[in-house]
Amino acid sequence: MLGLPKRWDMCLLLCSGVVIEYCLRVNMSVAAQDMRDELNWSENEKGLVLSAFYWGYALGQIPASRFAAIYGAKFLFGISVLVPSIITLLVPAACRTSFGWALFSRAILGLFESASFPCLFHFFPIWIPVNEKPLLISVIMSGMYIVSGVVFHLLCSFRPLTKCLSVCCLSR
């Protein structure tokens, strides 16, 4: 890919996957207040929609590890990035349809995304030599902190833009 050893290519791809997954996880937090206002959700309902992601995420962790062993971590990691990306595009329509669909879409999003970390732990012993584990695992796992510290901050800094984007997604 970049002329680096294959394990570095794999680590950079995995880090990119983690960045995408964390963006999918936190994007609802940025738009939640605007969605609450437009959809007339109470604070409780907004909290339920935000937490529904973690219902699916918690339920999927252990089965995802088993599926990674059976079907392969590369395949399942790809599914854990692709399917949540598609579901995220459908979340605004689900929210407009009904509150139940909002909860369901967020829970399913979490369920599919729950495979990411079990898959990562299948990669570590195969792709990373013992003497490089501290550095390469840190590179991979830094994806979540890149989103938390940089991307999320940028999205919140550009509040007028994110409000405009959420309105575009939610407008009838």
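Definitions and limits used
Residues numbered from 1 in each chain as written. Predicted model: local features only at pLDDT ≥ 70, side-chain atom pairs only at ≥ 80, totals over all residues. Heavy atoms only, no water. Phe/Tyr/Trp six-rings, centres within 6.5 Å; stacked < 30°, edge-to-face > 60°. Helix = DSSP H or I, 4+ residues; strand = E, 2+ residues; numbered from the N terminus. Buried < 20%, exposed > 50% of the residue type's maximum accessible area, 1.4 Å probe, protein only. Lys NZ or Arg CZ within 6 Å of the ring centre and 35° of its normal. Patch = residues over 30% accessible without salt bridge, like charges linked within 9 Å, V, L, I, M, F, W, Y side chains within 5 Å. Areas by Shrake-Rupley, 256 points an atom, 1.4 Å probe, with all protein chains shown as cover. Salt bridge = Lys/Arg side-chain N within 4 Å of Asp/Glu carboxyl O. pLDDT = per-residue confidence, 0-100. Contact = heavy atoms within 4.5 Å.

Draft legend 1. Representation of the packing of aromatic side chains in the model. Counted under the stated rule, the structure contains nine aromatic pairs. With centroids separated by 5.6 Å and ring planes inclined at 20°, the aromatic side chains of Phe 53 and Tyr 57 adopt a geometry described as stacked. Here Phe 53 and its partner Tyr 57 are both found in helix H2 (residues 43-71), four residues apart, which amounts to about one turn of the helix. Each member of the pair, Phe 53 as well as Tyr 57, carries the same accessibility label: buried. An aromatic cluster of three or more residues is present, and its members are Phe 53, Tyr 54 and Tyr 57. If you follow Arg 25 out to its NZ or CZ, it ends over the ring of Tyr 22, 4.3 Å from the centre. Note that Arg 25 overlies the ring of Tyr 57, its terminal NZ or CZ placed 4.5 Å from the centroid.

Draft legend 2. The arrangement of a nonpolar patch on the surface in detail. Together, Phe 67, Ile 70, Tyr 71 and Phe 75 line one region of the surface with nonpolar side chains, adding up to about 460 Å² of accessible area. Sorting elements by how many residues they give to the nonpolar patch places H2 first, with three residues. We classify Ile 70 as partly exposed; its relative accessible area is 48%.

Draft legend 3. Just the confidence of the model for the protein chain, in detail. Across the protein chain, the average pLDDT comes to 85, with 86% of residues at 70 or higher. Overall, residues 164-172 carries pLDDT values under 50, and its contacts beyond four positions in sequence, including any with other chains, amount to twelve contacts.

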